[in-house]
Amino acid sequence: MGSSRHAQLMRDADNKSAQGDFERAINLYEAALDDSPRCAEIHYKLAVLYDDKMNDPVSALHHFKRYLALSPNGTHANEVKNSIKHDEVAALTALSGDSVIARSEVARLQNENLNLRKELETRAASRIAPEKSKANGASSKKNTSKKADRTYVVRPGDTLFSISRKFYKSSKHWKQILEANRKNIRDAKKLTVGETLLIP
């Protein structure tokens, strides 16, 4: 009897989530929770709803951590670990009112900056040889046009995190989407509904 009620709650919650009634979906998922390992997937779904649709990183963190506690080697474990890092920064930012960057993020940005400088130096050196620069220009235009073919129109409730999940089945590519649309996105936390984004 208990497992059929659990299954019905899950179906109802999945339907409400698909219909865009995220608050009702959250209530139904929470009603289906117990301390069994089968609830790891419910914690994951709740975390994604809180993260992507409700813009509530604190609640998302709780459910991501419960997922890992119940299923440390589950199918979503790596993505959950990345999401936890992102949400910890988002939660600190929301609570402090300032932009907080973790040390690991600072190190990553420094490495990225070094790589970009090396790439600029390489490109500058290649311009000395005009034939090479023409060939590189033609191939980079082809690559750019291939990448720019894919676009996405922002819908209500979308975040860079959720769009990354939609296209890459992982939330970790949100920064690439942000960089590709840097000119159009004023605030990475508040996307404009109806805006067209390039998906790299």
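Anything mentioned here points back to the structure above.
This is a predicted model, so every value here is computed, not measured.

(A) Structural context of the overall build of the chain. Helix and strand counts for the chain stand at nine helices and two strands. Listed N to C, the secondary structure of the chain is α-α-α-α-α-α-α-β-α-α-β in terms of helices and strands. Put simply, the chain has 200 residues, and 32% of those count as buried. Sequence separation of 24 or more characterises 50% of the internal contacts of the chain that already satisfy a separation of 6 or more.

(B) Spatial organisation of unusual backbone geometry. Positive phi is not limited to glycine here, since Asn 55 has a value of about 50°. In this structure, Asn 55 sits in the loop between helix H3 (40-53) and helix H4 (57-70). Take Asn 55: its relative accessible area is 51%, and that puts it in the exposed class. Phi angles above zero are rare outside glycine, and Lys 169 is one such case at about 60°. With respect to the secondary-structure elements, Lys 169 resides in the loop between helix H8 (160-168) and helix H9 (174-180).

(C) Structural context of the environment of Arg 182. When you line up the elements, Arg 182 lands in the loop between H9 and strand E2 (196-198). Separated by 15 residues in sequence, Arg 182 and Leu 197 place their C-alpha atoms 9.9 Å apart. Of the polar contacts made by the side chain of Arg 182, one reaches the side chain of Glu 179; its length is 2.8 Å.

(D) Main features of the nonpolar core. In terms of nonpolar packing, the biggest core is built from 28 residues, with Tyr 29, Ile 42, Phe 64 and Val 80 touching the most fellow members. Counting only elements with at least two residues in this core, the list comes to helix H1 (2-19), helix H2 (22-31), H3, H4 and helix H5 (77-96). When residues of this core are assigned to their parent elements, the largest contribution, eight residues, is made by H3. In contact with Phe 64, other than residues within four places in its own chain, are Tyr 44, Ala 47, Val 48, Asp 51, Val 80, Ser 83, Ile 84, Asp 87 and Arg 165. In terms of nonpolar packing, the next biggest core, distinct from the first, is built from 12 residues, Leu 160, Trp 174, Leu 197 and Ile 199 among them.

(E) Quick peek at the packing of H3 against H4. At their nearest, the axes of H3 and H4 sit 8 Å apart, and the two run at 160° to each other. Accordingly, the angle class assigned to the pair H3 and H4 is roughly antiparallel. Relative to H4, H3 is oriented so that their crossing is left-handed. Listed contacts from H4 to Ala 40, Glu 41, His 43, Tyr 44, Leu 46, Ala 47, Val 48, Tyr 50 and Asp 51 of H3 are Ser 59, Ala 60, His 63, Phe 64, Arg 66, Tyr 67 and Leu 70. Its residues assigned to classes, the contact of H3 with H4 comprises 10 nonpolar, three polar and three charged.

(F) Structural detail: H3. For H3, built from 14 residues, the straight-helix expectation of 20 Å at 1.5 Å per residue is met to within 8% by its first-to-last C-alpha distance of 19 Å. Among the 14 residues that make up H3, 11 are buried, leaving the element largely enclosed by the rest of the structure. Residue Asn 55 follows H3 closely and has a positive phi angle near 50°.

(G) Main features of the pattern of salt bridges. What the rule picks out here adds up to nine salt bridges. Across the pair Arg 182 and Glu 179 runs a salt bridge whose closest N-O atoms are separated by 2.8 Å. Judged by relative accessible area, which is 48%, Glu 179 ranks as partly exposed. One continuous salt-bridge network, built from bridges that share partners, spans Asp 51, Asp 52, Glu 79 and Arg 165.

(H) Layout of the packing of aromatic side chains. Scanning all chains against the criterion turns up three aromatic pairs. Seen from their ring centres, Tyr 44 and Phe 64 are 6.5 Å apart, and the 55° between their planes marks the pair as tilted. Remark: Phe 64 occurs in helix H4 and Tyr 44 occurs in helix H3; sequence separation between them is 20 residues. Here Tyr 44 matches Phe 64 in class, with each residue buried. Measuring from centroid to centroid gives 5.6 Å for Tyr 152 and Phe 167, while their planes differ by 85°, and the two rings are edge-to-face.

Thresholds, definitions, all that
Residues numbered from 1 in each chain as written. Predicted model: local features only at pLDDT ≥ 70, side-chain atom pairs only at ≥ 80, totals over all residues. Heavy atoms only, no water. Helix = DSSP H or I, 4+ residues; strand = E, 2+ residues; numbered from the N terminus. Buried < 20%, exposed > 50% of the residue type's maximum accessible area, 1.4 Å probe, protein only. Contact = heavy atoms within 4.5 Å. Polar contact = N/O pair within 3.5 Å; in protein donor to acceptor, adjacent residues only side chain to side chain. Core = buried A, V, L, I, M, F, W, Y, C linked by side-chain atoms within 4.5 Å. Axes fitted to C-alpha atoms, helices over the stretch in contact; angles between N-to-C directions. Parallel < 35°, antiparallel > 145°, perpendicular 65-115°, else oblique. Left-handed = near helix turned anticlockwise from the far one by under 90°. Nonpolar A, V, L, I, M, F, W, Y, C, P; charged D, E, K, R; others polar. Expected span 1.5 Å × (residues − 1). Salt bridge = Lys/Arg side-chain N within 4 Å of Asp/Glu carboxyl O. Phe/Tyr/Trp six-rings, centres within 6.5 Å; stacked < 30°, edge-to-face > 60°.

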